[in-house]
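Here's the letter readout for the chains.
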Amino acid sequence: MEKVPNGTGRRGHTQLEHELASRGATLSNNTIPPSEFLVRCAPSAGLIVSCGCVIVDPAARKVAIVHDPDTGITQLPKGRKNIGEDIHAAALREAHEETGIPVAPLALRVATRATPTEDMLPLVARTPDGFPEDVTTAVRSCEPVAVCHHRCPGTLAYKLVFWYVARGDSSLRPVDGTKEAWEEHYQVEWVGARAAAGRMSVAADGEVIQKAIEDMVASGYDI
């Protein structure tokens, strides 16, 4: 069961939590309005769960991006999960389908609030009281590196996009026949990892790329 702190006994926030709040809300941790803490419900028919990948070639220091010449939009590969499908599996499937690039999961030192397993606990930092910290940073995992969320303008549904990092090979020709009919015209390009964020049509996609690069650097990659 998830622990929910009450208003009276809430612990002090760590420096990492202040940094995460500041970066994730485009507001400083001291100016988040009370409305941000309200619990809201999105019924199933009003919710879209989407999944995507930052496809990287670590050796070439490149990221794969997708351009739609009909709309002029450049973005990362993503799409809705299938019924009963794991969200990580959906992200890998969508990344491959939209680009034709064979992909594999890339485990990184992602700062995550997912609960570490028993065998991971020796690597988890401790609070002054001796308890495991809420944010695990030293364990390699395939947890999402970021989540984007917004109201879908077409359906008015609340949309969540879970982002993962996947490995691809920029020297290989993409596989034919993986795209849906409405995606056939998409153009796939490998670009320098540090330039990829600036090519995104949506700023949040660029922030996802930057986060993925930060996690790769923290994991020992030279990118």
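Residues numbered from 1 in each chain as written. Predicted model: local features only at pLDDT ≥ 70, side-chain atom pairs only at ≥ 80, totals over all residues. Heavy atoms only, no water.

Under the annotation held in an unreviewed UniProt entry, the protein chain carries the name Nudix hydrolase domain-containing protein and is attributed to Metarhizium brunneum.

As a further point, take the overall build of the protein chain. Looking only at helices and strands, one finds 4 helices and 8 strands in the protein chain. Mapped in sequence order, the helices and strands of the protein chain form the string α-β-β-β-β-α-β-β-β-β-α-α. The buried share among the 223 residues of the protein chain stands at 36%. In the protein chain, the proportion of contacts linking residues at least 24 apart, taken out of those at least 6 apart, comes to 67%. Of the roughly 13400 Å² of accessible surface on the protein chain, 55% is carried by carbon and sulfur atoms. (Helix = DSSP H or I, 4+ residues; strand = E, 2+ residues; numbered from the N terminus. Buried < 20%, exposed > 50% of the residue type's maximum accessible area, 1.4 Å probe, protein only. Contact = heavy atoms within 4.5 Å. Areas by Shrake-Rupley, 256 points an atom, 1.4 Å probe, with all protein chains shown as cover.)

Let's shift gears to the pairing of strand 2 (residues 62–68). By the criterion of burial, strand 2 is predominantly enclosed, with 5 of the 7 residues buried. Relative to strand 2, strand 1 (residues 47–57) runs antiparallel, the two sharing 2 bridges. By the bridge assignment for strand 2, Asp 57 is matched with Lys 62. The turn joining strand 1 and strand 2, which pair antiparallel and follow one another in sequence, is formed by 4 residues; a positive phi near 55° is taken by Arg 61. When strand 2 meets strand 8 (residues 187–192), the two strands line up antiparallel, connected through 6 bridges. When the sheet's bridge partners are listed, His 67 is paired in strand 8 with Gln 187. In the sheet, strand 2 pairs with strand 3 (residues 73–75) via 3 bridges, with the strands oriented antiparallel. Across the sheet, His 67 pairs through a bridge with Thr 74, a residue of strand 3. Adjacent in sequence and paired antiparallel, strand 2 and strand 3 are bridged by 4 residues, among which Gly 72 carries a positive phi angle near 80°. (Pairing = 2+ DSSP bridges.)

A separate point is unusual backbone geometry. Despite not being glycine, Arg 61 has its phi angle at roughly 55°, a positive value. Within the element layout of this structure, Arg 61 appears in the loop between strand 1 and strand 2. Overall, the relative accessible area of 41% leaves Arg 61 in the partly exposed class. At Leu 156, a position not held by glycine, the phi torsion is positive, near 65°. Positionally, Leu 156 belongs in the loop between strand 6 (146–151) and strand 7 (158–167).

So, on to empty space enclosed by the protein. Going through the model one piece at a time under the given rule, you end up with 1 cavity of 30 Å³ or more. In terms of lining, the largest cavity is formed by His 88, Leu 106, Leu 108, Val 110, Ser 141, Cys 142, Glu 143, Val 145, Tyr 164 and Val 165. Grouping the amino acids of the lining of the largest cavity by side-chain chemistry returns 7 nonpolar, 2 polar and 1 charged. (1 Å grid on protein atoms, 1.4 Å probe; cavity = no way out; pocket = protein on both sides within 12 Å on 5 of 7 lines; lining within 4 Å. Points joined across faces, edges and corners; volume = space filled by probe spheres on them. Nonpolar A, V, L, I, M, F, W, Y, C, P; charged D, E, K, R; others polar.)

Turning to the pattern of salt bridges, a few remarks are in order. Evaluated as defined, the whole model comprises 7 salt bridges. Taking the shortest distance from any N to any O, the salt bridge between Arg 93 and Glu 94 comes out at 3.1 Å. On the accessibility criterion, Arg 93 (19% relative accessible area) is buried. Relative accessible area serves as the criterion here: at 8%, Glu 94 is assigned to the buried category. For Arg 93, the salt bridge identified is with Glu 97, shortest N-O distance 3.2 Å. Here Arg 93 and its partner Glu 97 are both found in helix 2 (residues 87–99), 4 residues apart, which amounts to about one turn of the helix. Comparing Arg 93 with Glu 97, the two get one shared label, buried. By sharing partners, the salt bridges in this structure join Glu 85, Arg 93, Glu 94 and Glu 97 into a single network. (Salt bridge = Lys/Arg side-chain N within 4 Å of Asp/Glu carboxyl O.)

Our focus in this paragraph is helix 4 (residues 203–218). With 16 residues, helix 4 should reach 22 Å at 1.5 Å per residue; the first-to-last C-alpha distance of 23 Å fits that figure. Where helix 4 terminates, the next one or two residues include Gly 220, which has phi positive at roughly 100°. (Expected span 1.5 Å × (residues − 1).)

Within the element layout of this structure, Glu 85 appears in the loop between strand 4 (78–80) and helix 2. A distance of 2.8 Å separates a polar atom in the side chain of Glu 85 from a polar atom in the side chain of Arg 93. Look past the residues within four positions of Glu 85 in its chain and what remains in contact with it is Ala 90 and Arg 93. (Polar contact = N/O pair within 3.5 Å; in protein donor to acceptor, adjacent residues only side chain to side chain.)

Here we come to the confidence of the model for the protein chain. Predicted coordinates in areas of low pLDDT are best not read in detail. Averaged over every residue, the pLDDT of the protein chain is 89; the share at 70 or more is 87%. Confidence over residues 1–9 falls short of pLDDT 50; this stretch has 1 contact with residues more than four positions distant or in other chains. (pLDDT = per-residue confidence, 0-100.)

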